[in-house]
Structures are given as structure tokens and as C-alpha cells.
Amino acid sequence: MTDRRRAATPRSSPVERRILDAAVRLFAERGFDGTSVQEIVMAAAVTKGALYHYFDSKDDLLYEIYHTLIARQLADLDRVVAAGRPPRETIRAILTELIQSTAEHIDEAKVFSRESHRLDEDYMHVLRADRRRYHVTFRRIVAAAQKEGVFSNAASADTVTIVALGMVNQMPSWFRADGAKSAAELADEVTAFVLAALDPR
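All of these numbers come straight from a predicted model, not from anything done at the bench. (Residues numbered from 1 in each chain as written. Predicted model: local features only at pLDDT ≥ 70, side-chain atom pairs only at ≥ 80, totals over all residues. Heavy atoms only, no water.)

(A) Region of interest: the packing of helix α1 (residues 14-30) against helix α4 (residues 58-82). Where α1 contacts α4, the two axes come as close as 10 Å, and the packing angle between them is 95°. Classified by the angle between their axes, α1 and α4 sit roughly perpendicular to one another. Note on element contacts: α4 touches α1 through Lys58, Leu61, Leu62, Glu64, Ile65 and Thr68, opposite Arg17, Ile19, Leu20, Ala23, Val24 and Phe27. Of the residues belonging to the contact of α1 with α4, the class tally is eight nonpolar, one polar and three charged. (Axes fitted to C-alpha atoms, helices over the stretch in contact; angles between N-to-C directions. Helix = DSSP H or I, 4+ residues; strand = E, 2+ residues; numbered from the N terminus. Parallel < 35°, antiparallel > 145°, perpendicular 65-115°, else oblique. Contact = heavy atoms within 4.5 Å. Nonpolar A, V, L, I, M, F, W, Y, C, P; charged D, E, K, R; others polar.)

Have a look at this one:
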């Protein structure tokens, strides 16, 4: 059985990607319960044996949909932080990357937001650790900038983190690729709003 405590490493083989892409599409269209393993196999043009070679179950597929997305977003976060830019530029870059990544993979985010409660405790433990690392890093940057007087401390770093990242977490419920605003426009508006609220004036 797959080690559920392994480090976040996105699936990369062509067969795994085909299976995951089919699962994302079907889960988004029909829901987790409304999709059978046989339907995923047919949509991915693989055998059941191939699916079970890579994934333990439908639950494993659901977890990997999230795991692939959060691994990508954590890599983006690490890259932005490693650049060592000033706090305002760092927060702008983090939120921009996160919004655009969520928009580009909105079906994955949508499936996870609707179905994550189906994951067992082992998977939820890894999920919470991934999300916690993202939140802790963001909060640390805000708190350090508040301490230096670069950001206003009118709202705590915890509140800023909840508001800023919470908005992105809600994107699956309302964002549309063909909507009135593109992901880039949305990122510009959100980052401007957050940074204006953090202005120490």
C-alpha cells in the first residue's frame, strides 16, 4: 500500500496523469459518489489493473487530486520566499501565484472543496499538515513585517492570514474561467486590497 505519510510529490507518469485527469473531470461533473472506478478506467483508457497499480482506491485518487495541487502551490510558495524580496512584494507574489494556480486548476480545487470530508484520518492528517505549512509561512511574513512597522498591526497576523487565504479557498464556489474577471485581474485586485489594508499609514 502507498505510504500516506510520504512527502508531497506530484504524480508524473503519463498513465498516472491520465487517470488523475479523468478522475478530476468525472468527479467535477458527477461527484465522487456518482463516479465509478469503471467509468474512470474507461475515461482514462486504461485497465483496472493499471489504475490499482498506481492508486489504492477512489479515496486515494481524491487525495492525490489535492496532493498534486498543494504540492505545486507549496513549491510556488517556497520559490517566492526564497527570492528574499521585501514583504510587500513577497505577499503580492504569494497571493498572485496562489490565485492564478487555483484558477488554472479550478476543477481540482472544486472537487477537493466538495469532497474532502470523505478522506480518512490518515489522509486528513497529511492534508492539514500541508495547509498548516502554507498558513504558517504566510503568517510569519506578515507578523515579521508588522513587527518592523512595514505593515499595520490593526489586524493580527492570524486574522490577515485567515482573510487573505480564506478568500482563495472559497474560489471554487464562485470563480469561473469565462467570468467577468480573469485570474490575473482578480489577483491584481485582491493583492491591492490586502496590501492597502496592511498599509501602516
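Now that the structure has been shown, the text picks up again.
(B) Region of the structure containing the packing of aromatic side chains. Taken as a whole and judged by the stated rule, the model has four aromatic pairs. Measuring from ring centre to ring centre gives 4.4 Å for Tyr63 and Tyr123, while their planes differ by 10°; the resulting arrangement is stacked. Of this pair, Tyr63 sits in helix α4 while Tyr123 sits in helix α7 (residues 121-147); the two residues are 60 residues apart in sequence, bridging distant segments of the chain. Looking at Tyr123, the relative accessible area reads 1%, which means it is buried. Both rings, one in Tyr66 and one in Phe112, keep their centres 4.2 Å apart while their planes meet at 25°; by these two values the pair is stacked. Taken together, the positions of Tyr66 in helix α4 and Phe112 in helix α6 (residues 106-115) put the pair 46 residues apart, joining distant regions of the chain. Note on Tyr66: relative accessible area 5%, which makes it buried. The ring of Phe32 has Lys58 lying over it, and the distance from NZ or CZ to the ring centre is 4.3 Å. (Phe/Tyr/Trp six-rings, centres within 6.5 Å; stacked < 30°, edge-to-face > 60°. Buried < 20%, exposed > 50% of the residue type's maximum accessible area, 1.4 Å probe, protein only. Lys NZ or Arg CZ within 6 Å of the ring centre and 35° of its normal.)

(C) Looking closely at α4. Along its 25 residues, α4 runs 36 Å from first to last C-alpha, staying within 8% of the 36 Å computed at 1.5 Å per residue. Where α4 starts, the residue carrying a side-chain oxygen 3.3 Å from the main-chain nitrogen of Asp59 turns out to be Ser57. With its phi angle positive at about 65°, Gly84 sits one or two positions after the end of α4. (Expected span 1.5 Å × (residues − 1). Polar contact = N/O pair within 3.5 Å; in protein donor to acceptor, adjacent residues only side chain to side chain.)

(D) Structural view of the nonpolar core. One finds Ile40, Leu61 and Phe138 to be the most contacted residues of the largest nonpolar core, which totals 60 residues. Of all the secondary structure elements, the ones that give two or more residues to this core are α1, α2 (37-44), α4, α5 (87-104), α6, α7, α8 (157-169) and α10 (183-197). Beyond its immediate chain neighbours, meaning those up to four positions away, Ile40 contacts Ile19, Ala22, Ala23, Leu26, Phe27, Thr35, Leu51, Lys58 and Leu61. (Core = buried A, V, L, I, M, F, W, Y, C linked by side-chain atoms within 4.5 Å.)

(E) Region of interest: the environment of Thr68. Tracing the chain through its elements places Thr68 in helix α4. Linking Thr68 and Leu20, residues 48 residues apart in sequence, is a C-alpha distance of 9.6 Å. Of the polar contacts made by the side chain of Thr68, one reaches the backbone oxygen of Glu64; its length is 2.9 Å.

(F) Region of interest: the packing of α4 against α7. One can describe the packing of α4 onto α7 by two numbers: an axis separation of 10 Å at closest approach and a directional angle of 20°. On the basis of the axis angle, α4 is roughly parallel to α7. Crossing hand, α4 versus α7: left-handed. Together, Asp59, Asp60, Tyr63, Tyr66, His67, Ile70, Gln73, Leu74, Leu77, Asp78 and Val81 of α4 and Tyr123, Val126, Leu127, Asp130, Arg131, Arg133, Tyr134, Thr137, Arg140 and Ile141 of α7 make up the contact between the two elements. (Left-handed = near helix turned anticlockwise from the far one by under 90°.)

(G) Quick look at the pattern of salt bridges. Tallied over the full model, the rule gives 11 salt bridges. Between Arg30 and Glu39 there is a salt bridge, with the nearest N and O atoms lying 2.8 Å from each other. Judged by relative accessible area, Glu39 falls into the partly exposed class, the value being 27%. As a salt-bridge pair, Arg139 and Asp158 come within 2.6 Å of each other at their nearest N and O atoms. Residue Arg139 is found in helix α7, and its partner Asp158 is found in helix α8; the two are separated by 19 residues along the sequence. Each of Asp33, Glu115 and Arg118 takes part in a single network of salt bridges with overlapping partners. (Salt bridge = Lys/Arg side-chain N within 4 Å of Asp/Glu carboxyl O.)

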